[in-house]
Amino acid sequence: MFNFMHNISSYDDTVKDFSWKIAEEELGYKPGDVINIGEYCTDRICRNGKAYKLALIWQGHKGEVKKYTFNDMRILTNSIAGYMKNLGITPGERVCLFMDKVPELYLGFLAGLKLGAIVQPLFSAFGSESLITRLEDAKTSAIITQKKHLPKVRNIMKDMDYMKYVIVVDETDPTHLREREYILDIENMEMLDKFDIYPSTAETPSVLHYTSGTTGKPKGAQHVHYSVISQYITSKYSLDLKEQDIYWCTADPGWVTGTSYGIIGPWANGVTQCVMDAGFTAENWYSFIERHRVTVWYSAPTAIRALMKEGEAAIKRHDLSSLRYLASIGEPLNAEAVLWSEKVFGMKFHDTYWQTETGSMVVSNYPCMKVKPGSMGKPFPGMEVGLVDIKTHKYFDKKGVVGVIAVRPGWPAMFRAYWNNPDKYNEKFVDGWYLCGDRASIDEDGYFWFVGRDDDVINTAGHLVGPFEIESALLEHPAVAESAAVGKPDQINMEVVKAFVALKPGFEESKMLELEIMNFIRKKLSPLAMPQEVEFVDSLPKTRSGKIMRRVLRAKEWGEEIGDISTLENDM
Ligand code: 6R9
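## Quick word on the site of the ligand
- Close to the ligand lie 18 residues, the nearest being Trp 255, Thr 352, Thr 356, Asp 438 and Lys 547.
- Within the backbone of Glu 331, one N or O atom sits 3.4 Å away from a nitrogen atom of the ligand.
- Gln 355 places a polar side-chain atom, nitrogen or oxygen, 2.9 Å from an oxygen atom of the ligand.
- Listed by contribution, the elements that provide at least two residues to the shell around the ligand are helix H10 (256–268), strand E14 (349–353) and strand E23 (448–453).
- Here the shell around the ligand takes 3 residues from E14, the largest share from any one element.

So this is what it looks like as structure tokens:
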């Protein structure tokens, strides 16, 4: 029988009683113990009597399905770790995962951690240039990839004397192998029931995630094995994951969501996860939910808006009655999207807010709490989250005033360094607060309301306008599928607002429509926030994780350098 009680029944009581010790005790961890994420997600679950429970249900692009129990995961990750150890990969070395969402990506991630290596997942869609910037910075010594991505790796091999091993998961023609290439054949390799798991402790480095900054080179946020404490308990309290759930996180592990909540958190809870290694279409996604009876679904606003664009007909063709909890991450979730999901799925998307650097959720909506559409929710219990002044960076406690989101360090999943870049790391801290670089306000009830990233806020005649309110207003218009607001130069006001809009199918751009949209949002926005111009575009520039890159649009308006665009998904 499904347990209908939520994992937490009162937010306020949980905040009062919370301590990270609760998570430590549930996981059987005591300070000073060995703690290894690979072990926590496989062997520990098997020891707890769930060896033959499904851990992973994987579906490929042809619709083929593979299933793995926690015991399969335990043995396969042992075997891959053993294979890498035999090659000569040692603890602390960086091992890059450069693959589509194939099972070996998930297995390789946990195997690397069992070996004590620092795993470095990168989007398989990256080109050679984006790849080498990140491998060069980390001086990565091994890369696990697929045959289809090998040309990109071969292209840069001559510039990477530090790269000792290229491990190919599906290479079938060994005569092409060069000295440094190895085949990982999990169908035929020797299976290891036992592997000497690296005795990592809390502060041992685990994952290295590259985030794309506004300018300059991407920064590598380095995490530690202790992060599993946060990822476990946030998955339980915020995503409400339970024993019987079939959970689907749509994120790619090249992005932090795909590892913190697409690998570590759910498996540390012993929950069955689904993975779909196929492109996005509304039809594909709904079929996937129906076929695998997904109960908890964690996705991103860009995807949700893409589903909204497709309309309700696709939903009606599928039985989505298995769904019981929806959550969102990565971008501001506009109120319209929340209301839509309630209408079409019978439940709201619960927004969550966090970053690569925070490693786990910072602010979110909880199943036991009233959702205010358009708000990110409240701080995770045990985390002190507040606002600091935009200019002085001094902490303040005033309702409804916009400031920079700040978190008091001390939660387990926080990043411990930017790889090779202590200065950039130190810049993130002021008066004992970690500054997230995003602006928000807090209302009378303690809910956080997103305004915009520091870099995206528009300064018009000395007034600061956040793009999110403008974009939310635009998205309420029935013709608008996607929107972005940026500042464009203006002689009098310094900047004025310009909006970019992509239309839903069936709508044609025209001067009339522009005027109609303008009139529609005029009723919702303050005069300062009103765009002076709306430009229709086919799509907006986005990162591979689905974030709108406003700075690309902005740079065009100002005739400036675009900066680092290695994570850009679509050509403009
Ligand atoms: C997990 C992840 C982090 C940045 C963050 C903020 C934006 C994330 C959001 C949100 C508004 C939300 N962001 N969640 N903005 N509402 N619920 O996305 O990590 O790729 O490092 O991005 O994404 O600007 O600072 P990362």
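## Thoughts on helix H6 (residues 103–115)
- Taking 1.5 Å of rise per residue, the 13 residues of H6 would be expected to cover 18 Å, and the 18 Å separating its terminal C-alpha atoms lies within 8% of that figure.
- Burial analysis of H6 places 13 of its 13 residues in the buried class, which makes it a mostly covered element.
- Backbone geometry just after H6 places Gly 116 at a positive phi near 90°.

## Brief notes about the domain arrangement of the protein
- According to the domain assignment, the protein contains domain 1 (71–225) and domain 2 (455–558).
- Using C-alpha coordinates to define each centre, domain 1 is positioned 41 Å away from domain 2.
- Contacts between the two partners involve 6 residues from domain 1 and, on the opposite side, 4 residues from domain 2.
- Seen at the junction of domain 1 and domain 2, the total is 0 salt bridges.
- Viewed at the interface, domain 2 and domain 1 are joined by 0 residue pairs in polar contact (both at pLDDT 80 or more).

## Regarding the sheet that holds E14
- The strand order across the open sheet built from 9 strands is E2-E1-E11-E10-E12-E13-E14-E15-E16, with neighbouring strands paired in mixed fashion. The strands lining the two open edges of the sheet, one partner per strand, are strand E2 (65–69) and strand E16 (378–379).
- Relative to strand E15 (residues 363–364), E14 is paired through 2 bridges, and the arrangement is antiparallel. Its bridge partner lying in E15, Tyr 353 is registered against Val 363.

## Looking at the pairing of strand E8 (residues 205–211)
- Judged by how many residues are buried, E8 sits mostly within the fold: 6 of 7 residues are covered.
- Two elements, E8 and strand E9 (residues 219–224), share 5 bridges in a ladder whose sense is antiparallel. Bridged to Leu 208 within E9 is Gln 222.

## Regarding helix H9 (residues 228–237)
- Burial within H9 is extensive, with 10 of its 10 residues counted as buried.
- Every buried residue of H9 is accounted for by Val 228, Ile 229, Ser 230, Gln 231, Tyr 232, Ile 233, Thr 234, Ser 235, Lys 236 and Tyr 237.
- Each element contacted by the buried residues of H9 is listed here: helix H1 (11–17), helix H2 (20–27), helix H3 (37–41) and H10.

## Comments concerning unusual backbone geometry
- Phi at His 393 takes a positive value of approximately 60°, unusual for a residue other than glycine.
- Here His 393 shows up in the loop between strand E17 (385–388) and strand E18 (395–396).
- By relative accessible area, His 393 is classed as partly exposed at 24%.

## A few points about the sheet that holds strand E27 (residues 494–503)
- Taken together, 3 strands build an open sheet; the order of strands is E26-E27-E28 and the sheet is mixed. The sheet is open, and its two borders are formed by strand E26 (480–490) and strand E28 (533–536), each paired with just one other strand. Direction aside, neighbouring strands of the sheet carry axes that sit 30° apart on average.
- Where E26 and E27 come together, 10 bridges link them in antiparallel fashion. Across the sheet, the residue bridging to Val 480 is Leu 503, located in E27.
- Sheet strands touched by helix H16 (residues 467–475): E26 and E27. Its angle to E26, the strand with the most contacts, is close to 140°.

## Concerning the packing of aromatic side chains
- The full count for this structure, using the stated rule, is 31 aromatic pairs.
- Where Phe 18 meets Phe 380, the ring centres are 5.8 Å apart and the plane angle is 85°; that geometry is what we call edge-to-face. With Phe 18 in the loop between H1 and H2 and Phe 380 in the loop between E16 and E17, this pair connects stretches of sequence that are 362 residues apart.
- Relative accessible area serves as the criterion here: at 11%, Phe 18 is assigned to the buried category.
- When the centroid spacing of 5.0 Å and the interplanar angle of 55° are considered together, the rings of Tyr 425 and Phe 429 count as tilted.

## Let's talk about the pairing of E14
- By the criterion of burial, E14 is predominantly enclosed, with 5 of the 5 residues buried.
- Residue alternation in E14 divides its side chains into two sets, Phe 349, Asp 351 and Tyr 353 and His 350 and Thr 352, and both sets are buried.
- Of the strand pairs in this sheet, strand E13 (residues 325–328) and E14 are connected by 3 bridges, and their pairing is parallel. The residue of E14 that forms the bridge with Leu 326 is Phe 349.
- With helix H14 (residues 335–345) bridging E13 and the parallel E14, this β-α-β connection has right-handed handedness.

## Regarding the side chain of Asp 240
- Here Asp 240 shows up in the loop between H9 and strand E10 (246–249).
- Judged by its relative accessible area of 0%, Asp 240 falls in the buried class.
- Residues within four places of Asp 240 in sequence aside, it is in contact with His 6, Asn 7, Ser 235, Asp 245, Arg 324 and Pro 367.

What counts and how
Residues numbered from 1 in each chain as written. Predicted model: local features only at pLDDT ≥ 70, side-chain atom pairs only at ≥ 80, totals over all residues. Heavy atoms only, no water. Near = heavy atom within 4 Å. Polar contact = N/O pair within 3.5 Å; in protein donor to acceptor, adjacent residues only side chain to side chain. Helix = DSSP H or I, 4+ residues; strand = E, 2+ residues; numbered from the N terminus. Expected span 1.5 Å × (residues − 1). Buried < 20%, exposed > 50% of the residue type's maximum accessible area, 1.4 Å probe, protein only. Domains from an automatic or database assignment. Contact = heavy atoms within 4.5 Å. Salt bridge = Lys/Arg side-chain N within 4 Å of Asp/Glu carboxyl O. Pairing = 2+ DSSP bridges. Axes fitted to C-alpha atoms, helices over the stretch in contact; angles between N-to-C directions. Phe/Tyr/Trp six-rings, centres within 6.5 Å; stacked < 30°, edge-to-face > 60°. Right-handed = clockwise from strand over helix to strand, strands pointing away.

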